[in-house]
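Given next are the chains, with one letter for each unit.
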There are 2 protein chains.
Amino acid sequence: MSVNSLKKREQEARSGKQEEKPLPTAALPASGVVDWLLFNADWLVACDPGMSRFRSGAVAIDGDRIAAVGPSGELRNKFSGRREADLSGYLLMAGLINTHTHAAMSLFRGIGDDLPLKKWLEEIIFPAENAFVNPDTVYLGTLLSALEMLRSGATTFCDGYFFEESAARAAVDAGIRAVMGQGFLDFPAPDLPDPTNFQARAEEFLSRFPTQTDRVRPSLFCHAPYTCRPETLKRIKELCRSHKILFQTHLSETRDEVDEIVKRYGLRPGMHLDALGVLDEATLCAHGIWLSQDEILSIAKSGASISHCPESAMKLGSGVAPVPDMISCGVKVGLGTDGCASNNDLDLFSEIGFAARVHKVFRKDPLACPAEQALRMATLGGASALGLENEIGSIEPGKKADLIALNLNQPHLTPMYDPVSHIVYAARGSDVRFVWVDGRQVVKDGRVLTVDEAEVMSEAKRMGDKILLSKT
Amino acid sequence: MSVNSLKKREQEARSGKQEEKPLPTAALPASGVVDWLLFNADWLVACDPGMSRFRSGAVAIDGDRIAAVGPSGELRNKFSGRREADLSGYLLMAGLINTHTHAAMSLFRGIGDDLPLKKWLEEIIFPAENAFVNPDTVYLGTLLSALEMLRSGATTFCDGYFFEESAARAAVDAGIRAVMGQGFLDFPAPDLPDPTNFQARAEEFLSRFPTQTDRVRPSLFCHAPYTCRPETLKRIKELCRSHKILFQTHLSETRDEVDEIVKRYGLRPGMHLDALGVLDEATLCAHGIWLSQDEILSIAKSGASISHCPESAMKLGSGVAPVPDMISCGVKVGLGTDGCASNNDLDLFSEIGFAARVHKVFRKDPLACPAEQALRMATLGGASALGLENEIGSIEPGKKADLIALNLNQPHLTPMYDPVSHIVYAARGSDVRFVWVDGRQVVKDGRVLTVDEAEVMSEAKRMGDKILLSKT
């Protein structure tokens, strides 16, 4: 990519535009009966490149796609819905996209806080994982996380963990959209006691992956450059290329790991990945906290993306990622919560609020990471980071109908001058009351319709009791 | 205060102890019929100096006081309640204390974000205040804020604004506990066109202050050392001393104001206040972001307290207050949200989460501001900061019955290993479903019982429309 095209991407990023491909609108109805008509929303925030917002908005849904978006009066003249929702008192917006989770780790939520990273990993997390991570607990923990994410407005998540085919089944059952990354590292793992068999495990994972819906897609996840040899990184990335799936890795979360990689390979981690040829438009790097300007430019040039996880990085004391620099260099940046062991929740509204504030205080600049930029990272920016910008991330005709509605009749959202300000600086996940994924209503009045919430929570509590007992 | 007593206070602060006075328990019943019996709470977090937490907790309330706290079985053997609440599935804890608000500014929530401080103040906030701040709007805005605070678990707030007798009426009507600070500065204000009349205005405020309940108390608030001459600061503090009420001021929120004060008086702001004699145990300073170690020691020595407002400071890009240093030097530190124009909400759970995370990342130390310390700032620490540590801030016999109950049957609070971890790192204001203030139930199933919520919100929306119209 030339400097000029980098500059163009930088301008596009600043102006909110992503690279545009035509959306598949040809087969969509322009009027008549549709599957859902959502109308009368007090505010509609489309989360499109121009971050359009208008009063009294409506959306027509045909199958799994958005057929039309516009003023409520206009759409009600053109369409009627087999099912309809009057959203008076609500704000309708695009579903949020969580670009980095370890969903099954919800079972370890709050099991060990306020510890040095090494002690936390070696004395709390690794022993708990060795004892309790199996296909059943991964299914249960991922289902619990899917409930939490749907209820707090995330319609898509991008995951990385072990036994990821079980996690994928949970995503299928919950009705959420997901990219499910099977994890690899050069140490024995719960689902791969002999790490040298990683290629066979990857192929097994891909062959077992649920195929009944393209809503849930596979991915491969190399844990990090300091836990995966160059050979592992390269061969997993090759598999991703041949299967046309997303490659994920953690990148430069701590200063120590940067020092370690420089010592081992003579290059900073971003340059090391670039030299190995694993950075391209289908590579997502989580964190990217300790990136140099050169690494940022290399990532921008490669088309790889970053998942920014401010809450987890703050809680672990890791550092503040140079996100404003990434964005001005044209890097695609999404938001992620990270796993519940280091967050300790999966509320993307909270994550948006942290992102919008932490860069301001870190740079002593109230103009850093303005509201629209923070919201974009959780919507269209996240879609781009996953390579799904043509499918999700905004309310535009032809895109998948992934939508959420927030209850505005609450003191903390009153009065309202600008809906984007409220989404970023005042809203919380619990304001979400209705959710559609793929055109299907999955949350109604704050309750998930796809699975038995009470049963999942009570199973998770039982598992928590077992885990607690094993510690004492 | 000697170095030894400072060290003692430091040790007490580290070990969670405040200076202890006996609580008024003599007249409380040890058994029999009480006004309220709250029992079966899955977890009780007393927020007392030892941060006690236990399963299956209960509280007996006699009039406005806590008569007993302990295991549910034990209390049910001793007491029966005229009214009872079975809190199975809930976490019962002390009500939160918001030590810094400008409650009426909820009417300006989100009216201007992402602007440089000077432009934001001079082009947005001051004109809006000049046009719209009057006794009626102060009453309305404060009532709206009281609803928001009660619903998100704050049972006490400490305020500063204009027409503060109107704000006090709103606090009385809402049933919340409050310390209401009439604001002063050496410029024309909406309620004091000629600032030289400040003493008469202060006396008028005190004489008009509602006296029907000691739940709502008066205070005087000098805006800041850079907006109030030494004479104003000294005379207002004298009035506070003679009326035995809290003196409030903003202190060192920005680097610029520190430079300004050093230029004017040759001293940093904390030393300037100390030299004027306005720092003592009944002085509360908001922010304290740019304090030197000498200023921290002077504040500790004086017994004055700090209201830490991390979200507002982050959003405005002001800086990160040296709170861990303050606490280790024995300064009393409470948490505050600041006003809705710079936060933009009044959710103290969110503030606790920001406090627990921002010091970790700022110091690159995962052990900075651990969960208990963050929670203490929002409970007993806040009570001490207001000089009310003998009345509120913890669930202990003899204290005022200010209590909140959080719904634990939610995915983001499942499973549960440590309730303090969940309160700090996962809970949000919307988890609060029941609230008692002064022994009176004021929130039931998430709804405020004391005022007509729908009417207040609809009035606030109408006012918001007027304010918006005036801008365009």
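Here the structure is a predicted model, which means the values were calculated and not measured.

Some words on the sheet that holds strand β6 (residues 96-101) of chain A
All names here are of chain A.
And then number 1: Spatially, the eight strands line up as an open sheet ordered β6-β7-β8-β9-β10-β11-β12-β13, and their pairing is parallel. Here the strands that pair on one side only, and so sit at the sheet edges, are β6 and β13 (332-335). Averaged over all pairs of adjacent strands, the angle between their axes in this sheet comes to 25°, without regard to strand direction.
And then number 2: Direction of pairing for β6 relative to strand β7 (residues 154-161): parallel, over a ladder of four bridges. Bridge pairing in β7 places Ile97 opposite Thr156.
And then number 3: Taken strand by strand, helix α5 (residues 164-174) contacts β7, β8 (177-184) and β9 (216-222), and its axis lies near 170° from that of β8.
And then number 4: Against the sheet, helix α13 (residues 348-363) contacts β6, β7, β12 (305-308) and β13, and its axis sits at roughly 125° relative to β13.

Considering the relation of the copies chain A and chain B
And then number 1: When chain A is fitted onto chain B, the two copies agree to an RMSD of 0.0 Å after a turn of 180° and an axial shift of 0.0 Å. Look at the turn and shift together and you get a two-fold axis relating the two. Within chain A, the C-alpha atom positioned nearest to the axis of rotation is that of Ser430(A), 3.3 Å from it.
And then number 2: By residue overlap, the copies meet face to face through one surface: 100% of the interface positions of chain A are interface positions in chain B.

Here we look at helix α7 (residues 230-243) of chain A
Since one α-helical turn is 3.6 residues long, residues separated by three or four positions face the same way.
Residue and element names in this part refer to chain A.
And then number 1: With 14 residues, α7 ought to run about 20 Å at 1.5 Å a step, and its terminal C-alpha atoms sit 20 Å apart, in line with that.
And then number 2: Along α7, the residues that are buried comprise Thr232, Leu233, Ile236, Lys237 and Cys240. One face of α7 carries all of its buried residues, which in axial projection span an arc of 120°. Turned more than 90 degrees from where α7 packs its buried face, Glu231 and Ser242 sit exposed.
And then number 3: In the core, the buried residues of α7 are packed alongside β8, α6 (198-208), β9, β10 (246-251) and α9 (269-276).
And then number 4: Lys244 occupies a position one or two residues after α7 and carries a positive phi of about 55°.

Concerning the packing of helix α4 (residues 135-151) of chain B against helix α5 (residues 164-174) of chain B
All names here are of chain B.
And then number 1: For the pair α4 and α5, the least separation of the axes is 8 Å and the interaxial angle reads 35°. Of the two elements, α4 crosses α5, and the hand of that crossing is right-handed. Between α4, through Pro135, Val138, Tyr139, Thr142, Leu143, Ala146, Leu147 and Leu150, and α5, the contact on the second element is made entirely by Ser166, Ala167, Arg169, Ala170, Ala171, Asp173 and Ala174.
And then number 2: Taken together, the residues of the contact of α4 with α5 sort by class into eleven nonpolar, two polar and two charged.

Thoughts on the domain arrangement of chain A
Accessible area lost upon the coming together of the parts serves often as the stated size of an interface.
Residue and element names in this part refer to chain A.
And then number 1: What the domain assignment reports for chain A is domain 1 (25-95 + 397-448) and domain 2 (96-385).
And then number 2: Averaged C-alpha coordinates put domain 1 and domain 2 at centres separated by 29 Å.
And then number 3: Contacts between the two partners involve 24 residues from domain 1, matched on the other side by 25 residues from domain 2.
And then number 4: Tallied by class, residues from the side of domain 1 that touches domain 2 come to 16 nonpolar, four polar and four charged.

What counts, and at which threshold
Residues numbered from 1 in each chain as written. Chains lettered and ligands numbered in written order. Predicted model: local features only at pLDDT ≥ 70, side-chain atom pairs only at ≥ 80, totals over all residues. Pairing = 2+ DSSP bridges. Helix = DSSP H or I, 4+ residues; strand = E, 2+ residues; numbered from the N terminus. Axes fitted to C-alpha atoms, helices over the stretch in contact; angles between N-to-C directions. Contact = placed C-beta atoms within 7 Å. Least-squares fit on C-alpha atoms with pLDDT ≥ 70 in both. Expected span 1.5 Å × (residues − 1). Buried ≥ 20, exposed ≤ 12 C-beta atoms within 10 Å, placed from the backbone. Arc of directions from axis to C-beta. Left-handed = near helix turned anticlockwise from the far one by under 90°. Nonpolar A, V, L, I, M, F, W, Y, C, P; charged D, E, K, R; others polar. Domains from an automatic or database assignment.

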